[in-house]
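Summary of the model geometry
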Amino acid sequence: MSDDNAGETAELARGDGAEKPLCESGVQGFKPAAPEVNVTPSSRFLKVELELNTLLRELTFSEPVRYIYNPLEYAWETHRCYVEKYCQGGQRVLFLGMNPGPFGMAQTGVPFGEVKSVVDWLQITGEVGHPLDEHPKRRITGLACKQSEVSGARFWGFFRKVCGEPAQFFRHCFVHNLCPLIFMSASGKNLTPPELSVGEREKLLGLCDIALCQAVVALGVSMVIGVGKVAEQRARRALSAADVSVRVEGIMHPSPRNPLANKGWEDVAKRKLEELGVMSLLSNK
């Protein structure tokens, strides 16, 4: 799901519409690595992402996919700035989105990366390049992008109100997307993972599931909070199949395509995070 898409389906969370035996799930390739000595959490995290990038380059996609953007390649500089600045030891909670939105992470390299939040609050800097094959109607302008992404503005805006400074949020939490790729049709229409063919989707998300398990182990978090049902359900399935001991919960997606989110997403998110004990962490200064 892109950052501004609330058309979430249980089919995607499960896989191809039916539960598969664990031996057939994409997570079968997950092998917990021995802890590395004198390696920072951000370095471990970036290593997982670079390895995932290498595997994703081998995938091919058929119609209706025509364009594929990977901000972990062309926006690596700003993404690395985000990770090195905010991925740190002792974080207990990982917020998990699904995949980039066209005016969020696709532009900035930061999950839910609405430009104003990324520049003004998170203070991310760096050059953003371009995908090798760029749609003329979906140009990447990076941190100069003038179009705001509602999901990202709501997500980061809420935590800015609660925490005041980024350091207070990132003392306890980090934010990540399950899949780094954004897909578009020949017309430039954003395509969500459910719109991919079943086989191509499962190869893609199988690799992303393994990387998620590796990231959770590398970070040592105790809770994963899916932003939206698909991210929550996919994380629960992947982490359970890999026998990674972590609590998986979820909050409503802030997408403007979600009518409930438009009626007061912040209040809904706050109540859920209070229930999970996260608000007490964030307000404990």
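First, a word on scope: everything that follows refers to the structure included in this document. Note that the structure is a prediction, hence the values are computed from the model and not measured.

Assigned secondary structure in the protein consists of 13 helices and 7 strands. Here the protein holds 285 residues, and the buried ones make up 55% of them. As displayed, the protein has an accessible area near 12300 Å², and 51% of this comes from carbon and sulfur atoms.

Looking now at the packing of aromatic side chains. Taken as a whole, this structure holds 21 aromatic pairs when the rule is applied. Seen from their ring centres, Tyr 82 and Phe 170 are 6.2 Å apart, and the 75° between their planes marks the pair as edge-to-face. Taken together, the residues Tyr 82 in helix H4 (residues 76-86) and Phe 170 in helix H8 (residues 166-170) connect sequence positions 88 residues apart. A residue is classified by how much of its surface remains accessible, and Phe 170, at 1% relative accessible area, is buried. Between Tyr 86 and Phe 170 the ring centres are 4.1 Å apart and the planes differ by 20°, which places this aromatic pair in the stacked class. With a gap of 84 residues between them, Tyr 86 in helix H4 and Phe 170 in helix H8 connect regions that are remote in the sequence. A single burial state applies to Tyr 86 and to Phe 170, both of which are buried. Over the ring of Tyr 67 we find Arg 66, and its NZ or CZ is 4.6 Å from the ring centre.

Next up on the list: the pairing of strand S2 (residues 93-97). In summary, the side chains of a regular strand alternate between the two faces of the sheet. Most of S2 sits out of view: 5 of its 5 residues are buried. Residues Val 93, Phe 95 and Gly 97 line one face of S2 and the alternating positions Leu 94 and Leu 96 line the opposite face, and both faces are buried. With 5 bridges connecting them, S2 and strand S3 (residues 173-177) associate as parallel partners. When the bridges of S3 are listed, Phe 95 appears paired with Val 175.

Quick notes on the rules
- Counting starts from 1 at the beginning of each chain's written sequence and moves along it residue by residue.
- Predicted model: local features are reported for residues with pLDDT of at least 70 only, side-chain atom pairs are reported and counted for 80 or more only, and whole-chain, interface and lining totals are derived from all residues.
- Side-chain descriptors were evaluated using all non-hydrogen atoms of the structure, hydrogens and water having been removed beforehand.
- Working definition: helices are DSSP H or I runs of at least four residues, strands are E runs of at least two. Numbering for both runs from the N terminus.
- Accessibility here uses a 1.4 Å probe with only protein chains present; expressed as a share of the type maximum, an area under 20% marks a residue as buried, one over 50% as exposed, and anything in between as partly exposed.
- Using a 1.4 Å probe, accessible areas were evaluated by the Shrake-Rupley method; residue-level cover was limited to the displayed protein chains.
- Stacked, tilted and edge-to-face are the three classes assigned to paired rings of Phe, Tyr and Trp, where Trp is represented by its six-membered ring and a pair needs centres within 6.5 Å; plane angles under 30 degrees give stacked, over 60 edge-to-face, the rest tilted.
- Two thresholds decide whether a charge sits over a ring: the Lys NZ or Arg CZ must be within 6 Å of the ring centre and within 35 degrees of the ring normal.
- We treat two strands as partners when DSSP finds at least two bridges between them.

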